[in-house]
Amino acid sequence: MRCPRCDANVGDTSIRCNFCGQDLSVVHFVRRISNTYYNMGLEKAQVRDLSGAVSVLKKSLQFNKHNIDARNLLGLIYYEMGETVAALSEWVLSKYLQPEQNAADYYINTVQKNQTALDATNQTIKKYNSALSAAKAGNEDLAIIQLKKVVSLNPHFIRAQQLLALLYIRVEDYQKASKCLDRARKIDYNNTTTLRYIQEIGDRAGSSGKPSSTVKKAPKKDPLANVTPVGTYKEEKKSLMPVMNVIIGVIIGIVVCFVLIRPTLLKSGLGGGSDISDANDQMAVQNTQIATLEKEKETLQAQVDKLNKKISDGDTAALKKIEKYEQLLKAAKLYLDNDRFGAAAAVGGCKKTDFSLAEAKSLYSKVGNVSDSDIRAMVNQGRNEMYTSYDRAISTFKKVLSVDKDNQDAMFYLARSYQRKQKYKSAKKWYENAIKVNDTTTIAAQAERYLNEVKTAMGENN
């Protein structure tokens, strides 16, 4: 444990800091609260109250963000609920907070090694977002088709099950909605959204004659669920439906007789020319309808392609963002090991705008900068290493160039090291690079002289 005042390492059972005298009783109290919430979250997870466990574990992390057990368990729960991206985010942050002896390493490696599962996760995210966009646009049929594919790829994706159930409720297919909610509740038994949807369709799904197991249990929690008002509009509508069906059937029969049978009887008394004319008219109408449908199909396909492209671009950006944060974590570890050049090189391809968190930007500013004096000291170190090991000197000069890519001195001495090792091709490259930086310096003049020696050794004309 670290002292919140002087950041010194103190024992887990210490009541007072041995360095600054800070009272640690409040720290121990906060840690006990965090552990209590963690135990509550674990109990809820064991009885499949996953949403409740997520809420409790977030409270645990609010009290102690370094509670690695709570963060790893939260990631496992997210993974069980089909939220793979959220799970990986928690595990990566856990790995950053505790790089050694952390179960998050095993979880991350297990997910990353299973390429099939990663591909399925990407497809699930793309199809879910596509279905959500289609649902918001009012195209329920397309959304339902996409969500069926999503739940087939990842049956544990609770949000997909809930959205599919909501769309079935919208199209009044309450039996299928009830089945989706059954599957969602098997994963997360007390999910508030799932229970609200079950309550919404409870009466209507039960009236179909085949209520699901979930719908049967709902009235037990509400004693008034079986009590219905007398003479309600719902009951009157239900009793009038058979009569309305008969009336609609009679009307349809009359329309069919008028539209189909009457023209046939009339055509039997007319000449063949009238039949051909009517057939041509019908074909023209059908061709027009087919052309309209094909145009609508092309328009919809273009919209689908555009949405898929947006989703794909979003996934690529998310993966790149994760890579940037992993580079920052690696740089932080090197910085803590007093390898400032290695830390700066690790984030050499990053920019401050690549990070959205203020803490990450501050960390980047600290580990990504190397002073001019440090660079000069590293160049001098490489020059001294040339007397003992050219390989070690080459490694040092490359490390300098990874931080300061236009350092003429590092280029020159790197070329000299390669020349001494008789690697003339590499030596020629770095002599030329040193001259390009500034051809008016003394270093450039020396590089020009040694470049001629290298070319002579390679058999080239000056």
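Residues numbered from 1 in each chain as written. Predicted model: local features only at pLDDT ≥ 70, side-chain atom pairs only at ≥ 80, totals over all residues. Heavy atoms only, no water.

A short note on the overall build of the protein chain
Now for step 1: Counting its regular elements, the protein chain contains 20 helices and zero strands.
Now for step 2: The 462 residues of the protein chain split such that 32% are buried.
Now for step 3: For the protein chain, long-range pairs separated by at least 24 residues make up 48% of all intrachain contacts whose partners lie at least 6 apart in sequence. (Helix = DSSP H or I, 4+ residues; strand = E, 2+ residues; numbered from the N terminus. Buried < 20%, exposed > 50% of the residue type's maximum accessible area, 1.4 Å probe, protein only. Contact = heavy atoms within 4.5 Å.)

A short note on the packing of helix H19 (residues 424–437) against helix H20 (residues 442–458)
Now for step 1: Their axes nearest at 9 Å, the elements H19 and H20 cross at an angle of 155 degrees. Comparing their axes, H20 and H19 come out roughly antiparallel. The chirality of how H19 crosses H20 is left-handed. Contacts between H19 and H20 pair Tyr-424, Lys-425, Ala-427, Lys-428, Tyr-431, Glu-432 and Ile-435 from the former with Ala-444, Ala-447, Glu-448, Tyr-450, Leu-451, Val-454, Lys-455, Ala-457 and Met-458 from the latter.
Now for step 2: Residues belonging to the contact of H19 with H20 are distributed by class as follows: eleven nonpolar, no polar and five charged. (Axes fitted to C-alpha atoms, helices over the stretch in contact; angles between N-to-C directions. Parallel < 35°, antiparallel > 145°, perpendicular 65-115°, else oblique. Left-handed = near helix turned anticlockwise from the far one by under 90°. Nonpolar A, V, L, I, M, F, W, Y, C, P; charged D, E, K, R; others polar.)

Quick look at unusual backbone geometry
Now for step 1: Phi at Gln-101 takes a positive value of approximately 50 degrees, unusual for a residue other than glycine.
Now for step 2: Along the chain, Gln-101 falls in the loop between helix H4 (84–97) and helix H5 (104–113).
Now for step 3: Here Gln-422, not a glycine, exhibits a phi torsion of approximately 65 degrees, which is positive.
Now for step 4: Locating Gln-422 in the fold gives a position in the loop between helix H18 (408–420) and H19.
Now for step 5: Since its relative accessible area comes to 58%, Gln-422 is described here as exposed.

Considerations on the pattern of salt bridges
Now for step 1: Tallying each qualifying case throughout the model produces eight salt bridges.
Now for step 2: The partner of Arg-170 in a salt bridge is Glu-140, with the nearest N and O atoms 2.4 Å apart. Of the two residues, Arg-170 sits in helix H8 (residues 158–170) while Glu-140 sits in helix H7 (residues 140–153), which places them 30 residues apart along the sequence. (Salt bridge = Lys/Arg side-chain N within 4 Å of Asp/Glu carboxyl O.)

A word on the packing of aromatic side chains
Now for step 1: Overall, the coordinates contain eleven aromatic pairs when judged by the stated rule.
Now for step 2: Ring geometry for Tyr-325 and Phe-355: centres 5.3 Å apart, planes at 80 degrees, overall edge-to-face. Placement of the pair is Tyr-325 in helix H13 (residues 272–336) and Phe-355 in the loop between helix H14 (340–346) and helix H15 (358–367), with a sequence separation of 30 residues.
Now for step 3: Phe-355 sits in the buried class, given a relative accessible area of 1%.
Now for step 4: Feature note: the residues Phe-397, Phe-412, Tyr-413, Tyr-431 and Tyr-450 constitute an aromatic cluster, connected by ring pairs.
Now for step 5: Positioned over the ring face of Tyr-189 is Arg-185, at 4.1 Å from the centre of the ring. (Phe/Tyr/Trp six-rings, centres within 6.5 Å; stacked < 30°, edge-to-face > 60°. Lys NZ or Arg CZ within 6 Å of the ring centre and 35° of its normal.)

Thoughts on the environment of Asn-35
Now for step 1: Take Asn-35: it is sitting in helix H1 (residues 25–46).
Now for step 2: In the structure, Asn-35 is positioned 34 residues away from Asp-69 in sequence and 9.1 Å away in space, judged by C-alpha atoms.

What about the packing of helix H6 (residues 115–136) against H7?
Now for step 1: Across the interface, H6 lies against H7 with an axial gap of 8 Å and an inter-helix angle of 160 degrees. Considering the angle they form, H6 stands roughly antiparallel to H7. Taken as a pair, H6 and H7 cross one another with a handedness that is left-handed. Contacts between H6 and H7 involve Ala-120, Gln-123, Thr-124, Lys-127, Tyr-128, Ser-130, Ala-131, Ala-134 and Ala-135 from the first element and Leu-142, Ala-143, Gln-146, Leu-147, Lys-149, Val-150 and Leu-153 from the second.
Now for step 2: Residue composition of the contact of H6 with H7, by class: ten nonpolar, four polar and two charged.

Here we look at H4
Now for step 1: Taking 1.5 Å per residue as the helical rise, H4 with its 14 residues ought to reach 20 Å, and the 20 Å between its terminal C-alpha atoms agrees with that figure.
Now for step 2: Thr-84, Ala-87, Leu-88, Glu-90, Trp-91 and Ser-94 are the residues of H4 that are buried. For H4, the angular spread of the buried residues around the axis is 160 degrees, confining them to a single face. (Expected span 1.5 Å × (residues − 1). Arc of directions from axis to C-beta.)

Observations regarding the confidence of the model for the protein chain
Now for step 1: Overall, the prediction assigns the protein chain a mean pLDDT of 78, with 77% of residues at 70 or greater.
Now for step 2: Predicted confidence is poor over residues 207–239, with pLDDT under 50, and the contacts of this stretch with residues over four places away or in other chains come to 24 contacts.
Now for step 3: Confidence drops under a pLDDT of 50 for residues 270–274, and excluding neighbours within four residues, the segment shows zero contacts in the predicted structure. (pLDDT = per-residue confidence, 0-100.)

Notes on the environment of Arg-416
Now for step 1: Among the secondary structure elements, Arg-416 is positioned in helix H18.
Now for step 2: When its relative accessible area of 10% is taken as the criterion, Arg-416 is described as buried.
Now for step 3: Measuring from C-alpha to C-alpha, the distance between Arg-416 and Ala-447 comes to 8.8 Å, with 31 residues separating the pair along the chain.
Now for step 4: Residues in contact with Arg-416, not counting those within four places in the same chain, are Met-386, Tyr-431 and Tyr-450.

Here we look at the nonpolar core
Now for step 1: Of all hydrophobic cores here, the largest spans 29 residues; its most connected members are Phe-397, Val-400, Phe-412, Leu-414, Trp-430 and Tyr-431.
Now for step 2: Among the elements that take part in this core, H18 stands out by supplying seven residues, more than any other.
Now for step 3: Val-400 has contacts with Phe-341, Ile-375, Met-378, Val-379, Asn-407 and Ala-410, leaving out every residue within four places of it along the chain.
Now for step 4: Residues Tyr-128, Ala-143, Tyr-168 and Ile-198 belong to the second largest nonpolar core, which totals 23 residues. (Core = buried A, V, L, I, M, F, W, Y, C linked by side-chain atoms within 4.5 Å.)

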